[in-house]
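Coordinate analysis (summary)
Below are the chains, spelled out letter by letter.
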Amino acid sequence: MKNLLAAIVMLAIFLTSSVALAAYEENIEEGVDLRTIKTMAVARPNFYKMEDAEPTIDELTKMLFASGRDYSTHEVISYEDIAASIRRDTGIDIYSIDPVEAEKIYNKYIGKYADTYMISTVANNSGRPWLFFYVYNAADSKLLYTYSVQSNTIGKNAKDYRKAADDFYKQFDQTSEKNLSKEDKANARAKREAKAQKRKIKKVTYKTGQSKADLVKKK
């Protein structure tokens, strides 16, 4: 037993070191073809707030969706939308029941609304947080893909958690597109460029209070 624990500790140290160097680790389960994925729903993350600068679990859940909306070329569906669909179709409000039971209900019905769902786990009980992103098949809850990141540049705060989520979606798309046809790659690139343009417009609007189009008209 002691040898097993020692091996686990050594593995954790090795993975932490390699992640710090490589910035992330990812794994695709054997036999999984990520090209077939079109939609990804955001599930409730496994997270307990430890520091004042960290988001609440509700804020993190919304942040994970906002990140996918802004960066992913897949269709990302919010937890709120899934909860509304479940309430509409079953009468069950997963916001009003025990979190463990809510997770069971979510997993039971998610296959009606998405191809996959993503659960983020934030291990924040040590000096540096370690973020994991697990993508599951919505039909049978089998694990398809894992992305994890821990580095000296990621602290326990909302800004860094959002950046880690952005990087997850970017990497997931990049990995998913490796074996796409030229046409599908071009379509994905066009989606990325369109989202990049939207982010630029939002940034200008946020800083000036005016849309980019309005600023151009004034010139």
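As a starting point, this report considers the structure included with it. (Residues numbered from 1 in each chain as written. Predicted model: local features only at pLDDT ≥ 70, side-chain atom pairs only at ≥ 80, totals over all residues. Heavy atoms only, no water.)

A look at the overall build of the protein chain
We apply this condition: Secondary structure elements follow DSSP: runs of H or I of four or more residues count as helices, runs of E of two or more count as strands, with numbering from the N terminus. Whether two residues are in contact is decided by their heavy atoms: any pair within 4.5 Å suffices. Note on areas: Shrake-Rupley with a 1.4 Å probe; residue coverage comes only from the protein chains shown.
The number of helices and strands found in the protein chain is 7 helices and 6 strands. When the helices and strands of the protein chain are listed from N to C terminus, the series reads α-β-β-α-β-α-α-β-β-β-α-α-α. Contacts spanning at least 24 positions in sequence make up 60% of the contacts within the protein chain whose residues lie at least 6 apart. Total accessible area on the protein chain is roughly 13,100 Å²; 54% of this is exposed by carbon and sulfur atoms.

Looking at the packing of helix 3 (residues 79-90) against helix 4 (residues 99-109)
Rule in force here: Note on method: axes are straight lines fitted to C-alpha atoms, helices fitted across the in-contact stretch only, with angles between N-to-C directions ranging 0 to 180 degrees. Every angle not falling under 35 degrees, over 145, or within 65 to 115 is termed oblique; those three ranges are roughly parallel, roughly antiparallel and roughly perpendicular. We call Asp, Glu, Lys and Arg charged. Ala, Val, Leu, Ile, Met, Phe, Trp, Tyr, Cys and Pro are nonpolar, and the rest, Gly among them, are polar.
At their nearest, the axes of helix 3 and helix 4 sit 11 Å apart, and the two run at 80° to each other. In terms of orientation, helix 3 and helix 4 fall into the roughly perpendicular class. Within the contact between the two elements, helix 3 uses Tyr-79, Ile-82, Ile-86 and Thr-90 and helix 4 uses Ile-105, Tyr-106 and Tyr-109. A per-class count over the contact of helix 3 with helix 4 returns 6 nonpolar, 1 polar and no charged.

Digging into the packing of aromatic side chains
How we decide: Two rings from Phe, Tyr or Trp (for Trp, the six-membered ring) form a pair when their centres are within 6.5 Å of each other. A pair whose planes differ by under 30 degrees is stacked, one over 60 is edge-to-face, and the rest are tilted. In this scheme, a residue with accessible area under 20% of its type's maximum is buried, one over 50% is exposed, and one in between is partly exposed, where area comes from a 1.4 Å probe on protein chains only.
Throughout the structure, instances matching the rule amount to 16 aromatic pairs. Here the aromatic rings of Phe-47 and Tyr-161 are separated by 6.2 Å at their centres, their planes lie at 85°, and the arrangement is edge-to-face. Taken together, the positions of Phe-47 in the loop between strand 2 (39-42) and helix 2 (57-71) and Tyr-161 in helix 5 (residues 158-176) put the pair 114 residues apart, joining distant regions of the chain. Pair check on accessibility: Phe-47 and Tyr-161 agree, each one buried. An aromatic cluster is present here, built from Tyr-79, Tyr-95, Tyr-106, Tyr-117, Trp-130, Phe-132, Tyr-134 and Tyr-136 joined pairwise through their rings.

Some points on the sheet that holds strand 6 (residues 143-149)
Either a parallel or an antiparallel arrangement is found when strands of a sheet pair, and the pairing is made through backbone hydrogen bonds. This is how it is decided: Pairing between strands requires that DSSP locate at least two bridges from one strand to the other.
What the 6 strands build is an open sheet, ordered 1-6-5-4-2-3; its pairing is mixed. Either end of the sheet is taken by a strand with one partner, and the two such strands are strand 1 (25-28) and strand 3 (75-77). Direction aside, the axes of adjacent strands within the sheet are offset by 20° on average. Looking at chain direction, strand 2 and strand 3 are connected through 3 bridges and run parallel. Along strand 3, the bridge assignment pairs Thr-39 with Glu-75. Strand contacts of helix 2: strand 2, strand 3, strand 4 (116-123) and strand 5 (130-137), with the helix running at about 165° to strand 3, the strand carrying the most contacts.

A few points about the nonpolar core
How we decide: What we call a nonpolar core is a set of buried Ala, Val, Leu, Ile, Met, Phe, Trp, Tyr and Cys residues that are connected through their side-chain atoms within 4.5 Å.
One finds Met-118, Leu-131, Phe-133, Tyr-145, Phe-168, Tyr-169 and Phe-172 to be the most contacted residues of the largest nonpolar core, which totals 27 residues. For this core, the elements supplying multiple residues, two or more each, are strand 2, helix 2, strand 4, strand 5, strand 6 and helix 5. Element by element, the count of residues in this core is highest for helix 5, at 6 residues. Grouped together as the second largest cluster of nonpolar side chains are 19 residues, Ala-43, Ile-94, Tyr-106 and Ala-138 included.

Considerations on helix 5
Worth spelling out the cut-off: The length a helix should cover is 1.5 Å for every residue beyond the first.
With 19 residues, helix 5 extends 27 Å between its outermost C-alpha atoms, agreeing within 8% with the 27 Å of an ideal straight helix rising 1.5 Å per residue. Those residues of helix 5 not exposed but buried are Asp-160, Tyr-161, Ala-164, Ala-165, Asp-166, Phe-168, Tyr-169, Gln-171, Phe-172, Asp-173, Thr-175 and Ser-176.

Focus on helix 4
Let me state the cut-off plainly: Taken from the helix axis, the directions to the C-beta atoms give the arc we talk about. Polar contacts here mean pairs of N or O atoms no more than 3.5 Å apart (in protein, one a potential hydrogen donor and the other a potential acceptor; neighbouring residues in sequence count only if both atoms are side-chain atoms).
Where helix 4 is concerned, the buried positions are Ala-102, Ile-105, Tyr-106 and Tyr-109. Here the buried residues of helix 4 occupy an arc of 100° about the axis, which is enough to place them on one side. Seen from the buried face of helix 4, the exposed residues on the opposite side, beyond 90 degrees, are Val-100, Lys-104 and Lys-108. Contact partners of the buried residues in helix 4: strand 2, helix 3 and strand 4. N-cap assignment for helix 4: the residue whose side-chain oxygen lies 2.9 Å from the backbone N of Val-100 is Asp-98.

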